[in-house]
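Results of the structural survey
Read off the chains here:
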Amino acid sequence: MTTQNIAAAPPVSLEEYAALPKHPRYELVKGVLVELMAASEEHEHTGSLVNWRLSEHVFPNGLGRVYISNRGYVTGPDSPATSRMPDVSFMSNERLGRPDLFGKLHDGAPDLAVEILSDSNTPAEIARKITEYLNAGGRAVWVIDIDARAITVHTPNAPPVTLTDADTIDGADYLPGFSCPVSDLLPTSAD
């Protein structure tokens, strides 16, 4: 998703953030609302492919839930707060047992956060998101680069691993039993 900072006001609290309407969509970054701009068709299609492939593994195996775009995760300290909305996320049953904040936000990161790069994303912004997810208890972050036809897998205490569309991605210990060709998660010209 592309982003645009919109606030120069006092820090927004998690409670105020949770009370916002769904559209337009915002992330909360250190108390500042950041509007998520409309994504390209290719970006949305990639999110749908990832959601589909994860869902066809997660649901039949009773592993948890898969969310696309609108699920907020509190990834930063309470004051000023940070809440992110990955393009796709997976929450294991164990993490689903934690109470939601204000009925809308998960306290902590998902097991797997998937971020799909947009033209407006800067390397520094993506690096911050990866760090936030992993520091908030996330077990993995996939960063999808549609143009490079690659997925970079970030996990705690290990160097990132970049897979191309000739490789297979697996869920390691954070998504047990999942395995999929990277090419199945990326749009093709025939899609």
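For the structure itself, look to the data block above.
Being a predicted model, the structure only gives us computed values, none of them experimental.

What to know about the sheet that holds strand E13 (residues 161-164)
Read from one edge to the other, the open sheet built from six strands follows the order E4-E7-E10-E11-E12-E13, with strand pairing classed as mixed. At either margin of the open sheet sits one strand with a lone partner, and together these are strand E4 (64-68) and E13. Put simply, the sheet's adjacent strands are angled 15° from each other on average, direction ignored. Direction of pairing for strand E10 (residues 112-116) relative to strand E11 (residues 140-145): parallel, over a ladder of five bridges. Bridge pairing links glutamate 115 to valine 143 in E11.

Brief notes about the pairing of E11
With five of its six residues buried, E11 lies for the most part within the structure. For the crossover from E10 across helix H4 (residues 123-135) to E11, the handedness is right-handed. Note that E11 and strand E12 (residues 150-154) share five bridges and pair antiparallel. Residue pairing in the sheet places tryptophan 142 in a bridge with valine 153 of E12. Here E11 folds back onto E12 in antiparallel fashion, the turn holding four residues, of which arginine 149 has a positive phi close to 55°.

Quick notes on the packing of aromatic side chains
Under the counting rule described, the total for this entry stands at one aromatic pair. With a centroid separation of 6.0 Å and an interplanar angle of 40°, the aromatic rings of tryptophan 142 and phenylalanine 178 are classed as tilted. Here tryptophan 142 is found in strand E11, whereas its partner phenylalanine 178 is found in the loop between strand E14 (168-170) and strand E15 (179-181), with 36 residues between them in sequence. Here phenylalanine 178 falls in the buried class, since its relative accessible area comes to 6%. The ring of tryptophan 52 carries arginine 53 above its face, with NZ or CZ at 4.2 Å from the centroid. One Lys or Arg, arginine 71, reaches over the ring of tyrosine 67 and ends 5.4 Å from the middle of that ring.

Description of unusual backbone geometry
For residues besides glycine, phi is generally negative; the peptide bonds are generally trans as well. At lysine 30, a position not held by glycine, the phi torsion is positive, near 50°. Inspection of the secondary structure assignment puts lysine 30 in the loop between strand E2 (26-29) and strand E3 (32-37). We note that asparagine 157 has phi near 60°; this positive angle belongs to a residue other than glycine. Structurally, asparagine 157 is set in the loop between E12 and E13. With relative accessibility at 84%, the residue asparagine 157 sits in the exposed group.

Overview of a negative patch on the surface
Together, Glu41, Glu42, Asp119 and Asp147 make up a region of like negative charge exposed at the surface. In this structure, aspartate 119 sits in the loop between E10 and H4. Classification of aspartate 119 by relative accessible area gives exposed; the value is 79%.

Some words on the environment of leucine 28
The topology assignment puts leucine 28 in strand E2. The sequence separation of leucine 28 and serine 83 amounts to 55 residues, and the corresponding C-alpha distance is 4.9 Å. In this structure, leucine 28 is in contact with Val12, Ser13, Leu14, Tyr17, Leu33, Ala81, Thr82 and Ser83, ignoring residues within four places of it in sequence.

Some remarks on the environment of arginine 95
Relative to the assigned elements, arginine 95 resides in helix H3 (residues 93-96). Using a relative accessible area of 14% as the deciding quantity, one classes arginine 95 as buried. When the C-alpha positions of arginine 95 and glycine 108 are compared, they lie 9.0 Å apart, and in sequence the two are 13 residues distant. Not counting residues up to four positions away in its chain, the partners in contact with arginine 95 are Ala109, Pro110, Asp111, Gly137, Gly138 and Arg139. Only 2.8 Å separates the side chain of arginine 95 from the backbone oxygen of alanine 109, close enough to count as a polar contact.

Rules and cut-offs
- Residues numbered from 1 in each chain as written.
- Predicted model: local features only at pLDDT ≥ 70, side-chain atom pairs only at ≥ 80, totals over all residues.
- Heavy atoms only, no water.
- Pairing = 2+ DSSP bridges.
- Helix = DSSP H or I, 4+ residues; strand = E, 2+ residues; numbered from the N terminus.
- Axes fitted to C-alpha atoms, helices over the stretch in contact; angles between N-to-C directions.
- Buried < 20%, exposed > 50% of the residue type's maximum accessible area, 1.4 Å probe, protein only.
- Right-handed = clockwise from strand over helix to strand, strands pointing away.
- Phe/Tyr/Trp six-rings, centres within 6.5 Å; stacked < 30°, edge-to-face > 60°.
- Lys NZ or Arg CZ within 6 Å of the ring centre and 35° of its normal.
- Patch = residues over 30% accessible without salt bridge, like charges linked within 9 Å, V, L, I, M, F, W, Y side chains within 5 Å.
- Areas by Shrake-Rupley, 256 points an atom, 1.4 Å probe, with all protein chains shown as cover.
- Salt bridge = Lys/Arg side-chain N within 4 Å of Asp/Glu carboxyl O.
- Lys, Arg positive; Asp, Glu negative; His and termini not counted.
- Charge placed at Lys NZ, Arg CZ, Asp CG, Glu CD.
- Contact = heavy atoms within 4.5 Å.
- Polar contact = N/O pair within 3.5 Å; in protein donor to acceptor, adjacent residues only side chain to side chain.

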